[in-house]
Amino acid sequence: MNFLVLFLTFLLSKTAVKHPYLRITASAFLGALVSAFMLIRLPYGAALLGVAFFVIPVMLWGSFGKETIKNYLFRMLVSWFSIVLLNGVATALYNLTGIKALHLYSCLVVFAVAASLAASGITGMKRQPKRLNVHILHHGRSVECIGFYDSGNLLTIPETGEPVCIASQELLQQVTDDETVNREIPFRALGTKNGRISVYQMEEIKIEGMGKKNKIEKKGVWFGIAEPGLLLGKDYQVILNAALLERF
């Protein structure tokens, strides 16, 4: 049940997180242990409240990591909706066929795992680097460039979980000024365990797929300054964060 709830939450609110299925499985297992303990030691009503307001939030944190309060509350609502939906389906199927909920949940878990593995394999076979049109607007200035979709760019602001894109210093100098919000955040890369990177918050960014079939507009997007040579000789000027491009 816990796995299905987290899996539905993942499908309904996609996120860029490493090893999502492994994290979901581990969080669901630990959540099941804690839920069972609550049901044994606490009154039924108190156990349900504990699951809804303690176990589920902890499972969401374990599955999807640290996020903004808005995203976290959205996932909470989605997870509660998933519980109601699954219980409703199980009850309706039992009334029609006599199949018990445990058997149904087991079949659904097997199906979900198989479908996820198949989808991951197909996606991996089809995945290709994407170049996208990027338009950065900030304090009345603007610059257009080519962005590269990198599923491995999961850099975020530590406190809020906001995604961070990477751009050359020359590009950012065209739109930043003395009033631009900026700071330094830690990052890790190959050969760099405790690095620091300067990031700047842009007012707005517009991303369009080649052919302009898709378009994303985001406000308050963070950009980090690329290390010297990272973008040298490339046919793109920005490395886009995977979290911004779930629709492409």
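Everything numeric here is computed off the predicted structure, so don't read it as measured data. (Residues numbered from 1 in each chain as written. Predicted model: local features only at pLDDT ≥ 70, side-chain atom pairs only at ≥ 80, totals over all residues. Heavy atoms only, no water.)

1. Brief notes about the overall build of the protein chain
Each helix and strand in the protein chain was counted, giving six helices and seven strands. The helix and strand sequence of the protein chain, counted from the amino end, reads α-α-α-α-α-β-β-β-α-β-β-β-β. For the protein chain, the proportion of its 248 residues judged to be buried stands at 36%. Across the protein chain, contacts joining residues at least 24 apart in sequence account for 64% of those joining residues at least 6 apart. (Helix = DSSP H or I, 4+ residues; strand = E, 2+ residues; numbered from the N terminus. Buried < 20%, exposed > 50% of the residue type's maximum accessible area, 1.4 Å probe, protein only. Contact = heavy atoms within 4.5 Å.)

2. Some details on the nonpolar core
Nonpolar side chains in soluble globular proteins generally cluster together in the buried interior. Residues Ile 136, Ile 207, Phe 223, Val 238 and Leu 240 are the most contacted members of the largest nonpolar core, which totals 20 residues. If near-sequence neighbours (up to four positions away) are discounted, Val 238 is found in contact with Cys 145, Ile 146, Gly 147, Phe 148, Cys 165, Ile 166, Ala 167, Leu 171 and Phe 223. In this structure, Phe 148, Leu 155, Ala 226 and Tyr 236 belong to the second largest nonpolar core, which totals 14 residues. (Core = buried A, V, L, I, M, F, W, Y, C linked by side-chain atoms within 4.5 Å.)

3. A look at the packing of helix α2 (residues 20-41) against helix α3 (residues 44-64)
A pair of packed helices is characterised by two quantities: the angle between their axes and the separation of those axes. Contact pair α2 / α3: the axes reach a minimum separation of 9 Å and the direction vectors enclose 160°. Classified by the angle between their axes, α2 and α3 sit roughly antiparallel to one another. Considering only the axes of α2 and α3, their crossing is right-handed. Seen from α2, the contacting residues are Arg 23, Ile 24, Ser 27, Ala 28, Gly 31, Val 34, Ser 35, Met 38 and Leu 39; seen from α3, they are Tyr 44, Ala 47, Gly 50, Val 51, Phe 54, Val 55, Met 59, Trp 61, Gly 62, Ser 63 and Phe 64. Counted by class, the contact of α2 with α3 contains 13 nonpolar, six polar and one charged residues. (Axes fitted to C-alpha atoms, helices over the stretch in contact; angles between N-to-C directions. Parallel < 35°, antiparallel > 145°, perpendicular 65-115°, else oblique. Left-handed = near helix turned anticlockwise from the far one by under 90°. Nonpolar A, V, L, I, M, F, W, Y, C, P; charged D, E, K, R; others polar.)

4. With respect to α2
Relative to the 32 Å expected for 22 residues at 1.5 Å per residue, α2 spans 31 Å between its end C-alpha atoms, a close match to the ideal helical length. Among the residues making up α2, those that are buried are Pro 20, Ile 24, Ser 27, Ala 28, Gly 31, Ser 35 and Met 38. Buried positions in α2, seen along its axis, are confined to an arc of 110° and lie on one side of it. Summarising the geometry of α2, the exposed residues directed more than 90 degrees from the buried face are Leu 22, Phe 29, Leu 30, Phe 37, Ile 40 and Arg 41. (Expected span 1.5 Å × (residues − 1). Arc of directions from axis to C-beta.)

5. Quick look at the pattern of salt bridges
According to the stated counting rule, one finds six salt bridges in the structure shown. Where Glu 208 meets Lys 215, a salt bridge forms, and the shortest distance between an N and an O atom there is 3.8 Å. Glu 208 sits in the buried class, given a relative accessible area of 18%. (Salt bridge = Lys/Arg side-chain N within 4 Å of Asp/Glu carboxyl O.)

6. Observations concerning the packing of aromatic side chains
Tallied over the entire structure, the rule returns one aromatic pair. Geometrically, the ring pair formed by Phe 148 and Tyr 236 is stacked, given 4.8 Å between the ring centres and 20° between the ring planes. With Phe 148 in strand β2 (residues 141-149) and Tyr 236 in the loop between β6 (215-225) and β7 (238-240), this residue pair connects regions lying 88 residues apart in the sequence. The same class applies to Phe 148 as to Tyr 236, namely buried. (Phe/Tyr/Trp six-rings, centres within 6.5 Å; stacked < 30°, edge-to-face > 60°.)

7. Regarding the confidence of the model for the protein chain
Looking at the protein chain as a whole, its pLDDT mean stands at 76, while 69% of the residues score no less than 70. Mean pLDDT values for the elements of the protein chain range from 48 in helix α5 (residues 101-126) up to 93 in strand β3 (residues 164-167). Note that residues 117-129 has pLDDT below 50 and, in this model, three contacts with residues that lie over four places away or in other chains. (pLDDT = per-residue confidence, 0-100.)

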